[in-house]
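# Observations on the three-dimensional arrangement
Listed here are the chains, written in short residue letters.
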Amino acid sequence: MNSLAQPTVPTAAHSGSEVVLQVRELTVQYATSRGPVSAVNHVSFDLRKGEILGLVGESGSGKTTLAMTLVGLLRPPGRIVGGEILLNGRNLAKLSPHEYKSVRLSQIALMPQGAMNSLNPVIPIREQILDGLRDHGIQLTPAEADRHIASLLERVGLRAEVAKLHAHELSGGMKQRVALAIAISMQPQVIIADEPTSALDVVVQKLVIETLRDVQEELGAAIILVGHDMGLMAQTVDRLGVMYAGRLVEIAPMRDALISPQHPYTRLLIEALPSVTEKKKLRGIPGLAPQLLNLPKGCAFHPRCPLAFEPCSTITPEIRPAGPDRAAACHLLEVTP
Ligand code: SF4
């Protein structure tokens, strides 16, 4: 690949915070009749203990593929073709689906998108929580199970009686809380929340996010919140990662990203946010997200980028440091001080 700079992996070295998950040069491809496409392309980042890292991007940016890969739920024709996912010194990218089962839920858990589809409609909530524990060889007496389930449900703001109900008897917000209760049932260090509030109204969305934050603070878990709602990210996450066409194009503390986005795509996402203090014309991002099978040469964002210049249509920018504790992939970083 052509580039003006050597790839530089953003790390947590600046903050000194303990890193729980390291993703290094992770590349995931899907086999298609027209050849392999990279849905996740050389993505690297660290996740720190107790933080919420947002991963934002349009549909097709690779964020959901990345989330599924991290929890070992990538299905063929998708496959990891390079890179590492390091959790407690173990490279999860090398695990077989069977080996991944022992890690999922106990160390890294998923709060899935659309809990209605992830919860079994014919099994009471209690059994669904216990199933996950049994898969890890944990057998509880009925009294222990009652206590554990009541405490889990209480943690996510639900009454203990919810354990007896089926998914169809719960509201959308309650289902998401149950999904969170299942995700934390073994106190994992890392929770991947994949668009946990999509299809919920704004009030319920806020409650689910507050619950997620409370649980994260209580357990000290690290969370990756995957989504496309920049407003929700701005209110929720500690750091923000921005994905475009399978690549991580910017990563920064949320506040810094809001005040001084370094990548033009991040800037446009932020400018598209409505303001409560200022009347402004809402602006969308011009053009369409590129098709992964047919990516533009050079920077994949160049056909939509208002700041594109000479090298952008031919040379792919690598991610590089863009200030303290932040990195971005844009040729502008090479020409502006
Ligand atoms: Fe825009 Fe060029 Fe930066 Fe890509 S590399 S975001 S096209 S300025």
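One structure accompanies this document, and this report is about it. Quick caveat, the model's predicted, so the values are computed rather than measured.

Moving on, we come to the pattern of salt bridges. Summed over all chains, the structure comprises 15 salt bridges. Connected through shared salt-bridge partners, Arg126, Glu127, Asp131, Arg134 and Asp146 make up one network.

The immediate surroundings of the ligand are formed by 13 residues, with Cys299, Cys305, Cys312, Cys330 and His331 found nearest. Tallied by class, the residues present in the shell around the ligand amount to ten nonpolar, three polar and no charged.

Across the eight residues of helix α1 (residues 63-70), seven count as buried, placing the element largely inside the fold. Those residues of α1 that sit buried are Lys63, Thr65, Leu66, Ala67, Met68, Thr69 and Leu70. Where α1 ends, the next residue or the one after it, Gly72, has phi of about 70°, a positive value.

Moving on, we come to the sheet that holds strand β7 (residues 190-194). Spatially, eight strands are ordered β6-β7-β8-β3-β9-β10-β12-β11 in an open sheet, and the strand pairing comes out mixed. Both edges of this open sheet fall to β6 (108-111) and β11 (320-321), since each of them pairs with a single strand only. Pairing of strand β9 (residues 239-244) with strand β10 (residues 247-253) involves six bridges; the strand directions are antiparallel. Across the sheet, residue Arg239 finds its bridge partner in β10, namely Pro253. Across the sheet, helix α7 (residues 202-219) touches β3 (52-56), β6, β7 and β8 (222-227), and the angle it forms with β8 is around 160°. Against the sheet, helix α10 (residues 264-271) makes contact with β3, β9 and β10, and its axis sits at roughly 110° relative to β9, the strand it touches most.

Let us look at the packing of aromatic side chains. Tallied over the entire structure, the rule returns three aromatic pairs. Cluster of aromatic residues (ring-pair linked, three or more members): Tyr244, Tyr265 and Phe301.

Moving on, we come to the packing of helix α6 (residues 172-183) against α7. Packing of α6 against α7 brings their axes to within 10 Å, and their N-to-C directions diverge by 15°. With respect to their mutual orientation, α6 and α7 come out roughly parallel. For the crossing formed where α6 meets α7, the hand is right-handed. Within the contact between the two elements, α6 uses Gly173, Gln176, Arg177 and Leu180 and α7 uses Val204, Leu207, Val208, Thr211, Leu212 and Val215. Partitioning the contact of α6 with α7 into residue classes produces six nonpolar, three polar and one charged.

For the rest of this paragraph, the subject is the sheet that holds strand β1 (residues 19-32). The four strands lie next to each other as β2-β1-β4-β5, forming an open sheet whose pairing is antiparallel. At either end of the open sheet lies a strand with only one pairing partner, and these are β2 (35-48) and β5 (90-91). In the sheet, strand β4 (residues 78-87) pairs with β5 via two bridges, with the strands oriented antiparallel. The partner of Leu86 across the bridge, within β5, is Asn91.

The next point concerns the environment of Glu334. Tracing the backbone through its elements, the reader meets Glu334 in helix α11 (residues 332-335). By relative accessible area, Glu334 is classed as partly exposed at 26%. Taking the C-alpha atoms as reference points, Glu334 and Leu86, 248 residues apart in sequence, are found 31 Å from one another.

This part is about the packing of helix α4 (residues 125-135) against helix α5 (residues 142-155). The contact between α4 and α5 brings their axes to 11 Å, and the two run at 105°. Here α4 lies roughly perpendicular to α5, going by the angle between them. Listed contacts from α5 to Arg126, Ile129, Leu130 and Leu133 of α4 are Pro142, Ala145, Asp146, His148, Ile149, Leu152 and Leu153. Of the residues in the contact of α4 with α5, the class split is eight nonpolar, one polar and two charged.

Definitions and limits used
By convention here, each chain's residues receive numbers from 1 onward along its written sequence. The predicted nature of this model means local features are confined to residues of pLDDT at least 70 and side-chain atom pairs, given and counted, to a pLDDT of 80 or more, with totals for whole chains, interfaces and linings taken over all residues. Only hydrogens and water are removed before side-chain values are computed, so all heavy atoms of the structure are retained for them. Any carboxyl oxygen of Asp or Glu within 4 Å of a side-chain nitrogen of Lys or Arg constitutes a salt bridge here. Whether a residue is near a molecule or strand depends on its heavy atoms: if one lies within 4 Å, it is near. When residues are sorted by character, Ala, Val, Leu, Ile, Met, Phe, Trp, Tyr, Cys and Pro go into the nonpolar class, Asp, Glu, Lys and Arg into the charged class, and all the rest, Gly among them, into the polar class. Only protein chains enter the calculation, and the probe is 1.4 Å; a residue is then buried if its accessible area is under 20% of its type maximum, exposed if over 50%, and partly exposed in between. Here a helix means four or more residues in a row that DSSP labels H or I, a strand means two or more in a row labelled E, and each is numbered from the N terminus. Here a strand pair is declared whenever DSSP counts at least two bridges between the two strands. Here, two residues are considered to be in contact whenever any of their heavy atoms come within 4.5 Å of each other. Simply put, an axis is a line fit to the C-alpha atoms, just over the touching stretch for a helix, and the angle between two N-to-C directions goes from 0 to 180 degrees. Aromatic rings from Phe, Tyr and Trp, taking only the six-membered ring of Trp, are treated as a pair when their centres fall within 6.5 Å; an angle between ring planes under 30 degrees marks them as stacked, one over 60 as edge-to-face, and anything in between as tilted. Note on terminology: angles under 35 degrees are roughly parallel, angles over 145 are roughly antiparallel, angles of 65 to 115 are roughly perpendicular, and the others are oblique. In this scheme the handedness of a crossing depends on how the near helix is turned from the far one: anticlockwise by less than a right angle means left-handed, clockwise means right-handed.

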